[in-house]
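# Results of the structural survey
This is what each chain is made of:
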Amino acid sequence: MKFILSKSIIIAAAFFLFILSQLPVVFLNFLNSNGDTYGIAYKNTPPFIILALAVVTISIFIGIKCGFYNNYRKSFSWKNILFIFSLLIVTFFIQKFVVQFITSHNLYNVSHQITNQMKVENILSSLLFPGQFVAVSILAPILEESIYRAFFYKLFGYKWWTFALSCFFFSYVHSGFSLDILGYLPLSVALTYVYHRRQVLTDSILLHSLYNTLLFVF
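Residues numbered from 1 in each chain as written. Predicted model: local features only at pLDDT ≥ 70, side-chain atom pairs only at ≥ 80, totals over all residues. Heavy atoms only, no water.

## Description of the overall build of the protein
Short version of the rule: A run of DSSP states H or I qualifies as a helix once it reaches four residues; a run of E qualifies as a strand once it reaches two. Both are numbered from the N-terminal end. Partly exposed describes any residue whose relative accessible area lies between the buried limit of under 20% and the exposed limit of over 50%, with all areas from a 1.4 Å probe on protein chains only and scaled to the type maximum. The criterion used for residue contact is that any of the two residues' heavy atoms lie within 4.5 Å.
When helices and strands are tallied, the protein shows eight helices and zero strands. For the protein, the succession of helices and strands along the chain, N to C, is α-α-α-α-α-α-α-α. Considering the protein as a whole, with its 218 residues, one finds that 43% of them fall into the buried category. Long-range pairs, those at least 24 residues apart, make up 76% of the contacts in the protein with a sequence separation of at least 6.

The following block contains the structure:
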């Protein structure tokens, strides 16, 4: 009974965090549907940043209560930072190669790719640079790593199939049931590996944030 209760609490917390992660996007879509085209980014950015940072704060608070940040200091050793940067570069080029391969062989679900890309561009285009940076480099990494890495391992334990499930679901939420999933697997594997090797959430958050920032800049 105690086991079932503890697992139910984990599932409820993860589901709450998932719903919470959608609020900034829903709020931004609401602002876009009720605003003028002219100057909309100036109007959208301040409230979006406030809401996004509030969501991040709540997420970190939940993570602290669940013990996700107990070993956060380990992430900031020079040896670990060098490892993260090395994996970042390798993952970036592997991902580029995979995307180029499946694009050149027409393996993408073009309709889904366009729809997904339009959603992302719509979100980012209606924000100024500070809002875009918060969305891409802070909000997404912290929320997604908490849900698809920390909560998955908390729920299923430190097992090889937890690694596989984490990789699959992270890729799936970005691609759906299509071959588009291949384009997200290299990053998903890298992020899951970084967390799996010693279960330090700030490791995978750091890699995720740096990767998103790199894509955002280039």
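## A look at helix α1 (residues 2–33)
For the record, the criterion: Expected span, for any helix, means 1.5 Å times one less than how many residues it has. To get the bend at a residue, fit one axis to the 7 residues ending there and another to the 7 starting there, then take the angle between the axes.
For α1, built from 32 residues, the straight-helix expectation of 46 Å at 1.5 Å per residue is met to within 8% by its first-to-last C-alpha distance of 46 Å. The sharpest bend along α1 measures roughly 30° and falls at Leu23, with the proline Pro24 sitting one to four residues further on. Of the residues making up α1, those classed as buried are Ile10, Ala13, Ala14, Leu17, Leu20, Ser21, Pro24, Leu28, Leu31 and Asn32.

## As for unusual backbone geometry
Although it is not a glycine, Gln199 sits at a positive phi angle of roughly 55°. Summarising the element assignment, Gln199 is placed in the loop between α7 (185–196) and α8 (201–217). Judged by its relative accessible area of 32%, Gln199 is partly exposed.

## Details of the nonpolar core
Rules: Residues grouped as a nonpolar core are buried Ala, Val, Leu, Ile, Met, Phe, Trp, Tyr and Cys residues, joined through side-chain atoms within 4.5 Å.
Ranked by internal contacts, the top residues of the largest apolar core, which has 44 residues, are Leu17, Phe48, Leu139, Leu143, Phe151, Leu201 and Leu207. The greatest single-element share of this core, amounting to 11 residues, is contributed by helix α5 (residues 129–156). Here Phe48 is in contact with Pro24, Phe27, Leu28, Leu127, Gly131, Ala135 and Leu139, once residues within four sequence places are set aside.

## As for the side chain of Asp203
Convention followed: Two N or O atoms form a polar contact when they lie within 3.5 Å of each other; inside protein one atom must be a possible hydrogen donor and the other a possible acceptor, and for residues adjacent in sequence the pair counts only when both atoms belong to side chains.
Its place among the elements puts Asp203 in helix α8. Looking at Asp203, the relative accessible area reads 0%, which means it is buried. Only 3.1 Å separates the side chain of Asp203 from the side chain of Asn80, close enough to count as a polar contact. Not counting residues within four places of it along the chain, the set of residues in contact with Asp203 comprises Ser75, Asn80, Ile84, Val194, Arg197 and Arg198.

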